[in-house]
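Now for the letters of each chain:
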Amino acid sequence: REKDDKSKTWMPKFLMAKEDKDQRKSSDDEERNIFKVKKSNAEKSKKMEKEEKFFRETFMYDKEINVINTATAERSVPSKRRVDLPITAGEQLDVIDVTEGNAVICRNSEGRYGYVLVEHLNFR
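Source: prediction; values computed, not measured.

### Structural notes on the sheet that holds strand S3 (residues 103-107)
- One open sheet accounts for five strands, arranged S4-S3-S2-S1-S5; its pairing is antiparallel. Since the sheet does not close on itself, it has two edges, and those belong to strand S4 (113-117) and strand S5 (121-123), each with one partner. Going from strand to strand, the sheet's axes swing by 50 degrees on average, the running direction of each strand aside.
- As judged from the four bridges shared by strand S2 (residues 92-98) and S3, these two strands associate in the antiparallel manner. Within the sheet, the bridge partner assigned to Val98 lies in S3 and is Val104.

### What to know about the confidence of the model for the protein chain
- Per-residue confidence for the protein chain gives a mean pLDDT of 78, with 69% of residues at or over 70.
- Every residue in residues 18-22 scores below 50 in pLDDT, and together they form zero contacts with partners more than four places removed in sequence or on other chains.
- Within the model, the stretch residues 25-29 combines pLDDT values under 50 with two contacts to residues more than four positions away or in other chains.

### Structural notes on empty space enclosed by the protein
- A complete count under the given rule lists one cavity of 30 Å³ or more for this structure.
- If you go around the largest cavity, the residues you meet are Glu51, Phe54, Phe55, Thr58, Phe59, Arg82, Val83, Arg112 and Tyr113.
- Of all the elements, helix H2 (residues 27-59) adds the most residues to the lining of the largest cavity, at five residues.
- Tallied by class, residues from the lining of the largest cavity come to five nonpolar, one polar and three charged.

### Re the layout of surface pockets
- Taken as a whole, the largest pocket holds about 210 Å³ of empty space.
- Surrounding the largest pocket, 13 residues form its lining, Val77, Pro78, Asp84, Tyr115 and Leu117 being those nearest its centre.
- Per element, the largest residue contribution to the lining of the largest pocket is three residues, and it comes from S4.
- Here the lining of the largest pocket is built from residues that sort into eight nonpolar, two polar and three charged.

### Here we look at unusual backbone geometry
- Positive phi, normally seen in glycine, also occurs at Met60, with a value near 50 degrees.
- Positionally, Met60 belongs in the loop between H2 and strand S1 (69-73).

### Section: the packing of aromatic side chains
- In total, this model carries four aromatic pairs according to the counting rule given.
- With centroids separated by 4.9 Å and ring planes inclined at 45 degrees, the aromatic side chains of Phe55 and Phe59 adopt a geometry described as tilted. Of this pair, Phe55 and Phe59 are both found in helix H2, four residues apart, which corresponds to roughly one turn of the helix.
- Ring geometry for Phe59 and Tyr115: centres 4.9 Å apart, planes at 55 degrees, overall tilted. Of this pair, Phe59 sits in helix H2 while Tyr115 sits in strand S4, and the two are 56 residues apart along the sequence.
- Under the relative-accessibility criterion, Phe59 is labelled buried at 15%.
- Taken together, Phe55, Phe59, Tyr61, Tyr113 and Tyr115 form an aromatic cluster joined through their ring pairs.

Cut-offs applied
- Residues numbered from 1 in each chain as written.
- Predicted model: local features only at pLDDT ≥ 70, side-chain atom pairs only at ≥ 80, totals over all residues.
- Heavy atoms only, no water.
- Pairing = 2+ DSSP bridges.
- Helix = DSSP H or I, 4+ residues; strand = E, 2+ residues; numbered from the N terminus.
- Axes fitted to C-alpha atoms, helices over the stretch in contact; angles between N-to-C directions.
- pLDDT = per-residue confidence, 0-100.
- Contact = heavy atoms within 4.5 Å.
- 1 Å grid on protein atoms, 1.4 Å probe; cavity = no way out; pocket = protein on both sides within 12 Å on 5 of 7 lines; lining within 4 Å.
- Points joined across faces, edges and corners; volume = space filled by probe spheres on them.
- Nonpolar A, V, L, I, M, F, W, Y, C, P; charged D, E, K, R; others polar.
- Phe/Tyr/Trp six-rings, centres within 6.5 Å; stacked < 30°, edge-to-face > 60°.
- Buried < 20%, exposed > 50% of the residue type's maximum accessible area, 1.4 Å probe, protein only.

Here it is in structure tokens:
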């Protein structure tokens, strides 16, 4: 009896998998998904350009933006001012420039720039 129960549960799963193969998406659907990805990448790059422009105007930064180092945020810190970069614990940040105080200018994965205190960062 135990063998019969196992074979009964196996057969429907096998048949369902075969049915799924017959219900494949058409190539038109796949092409549409590709275009959606390209569109979102274009929107993301446009947003990053906007953030960079805002950064240059706010910080009066006319140098070329080069990544000096990468750091990981040790803890989450909300921003108190618009020029401060809010960070979450474990977030990867690109260090762009070092300031005179104990803060550095960083960029997050979304393309936002701002000051982050060195004590909140872990450099590798």
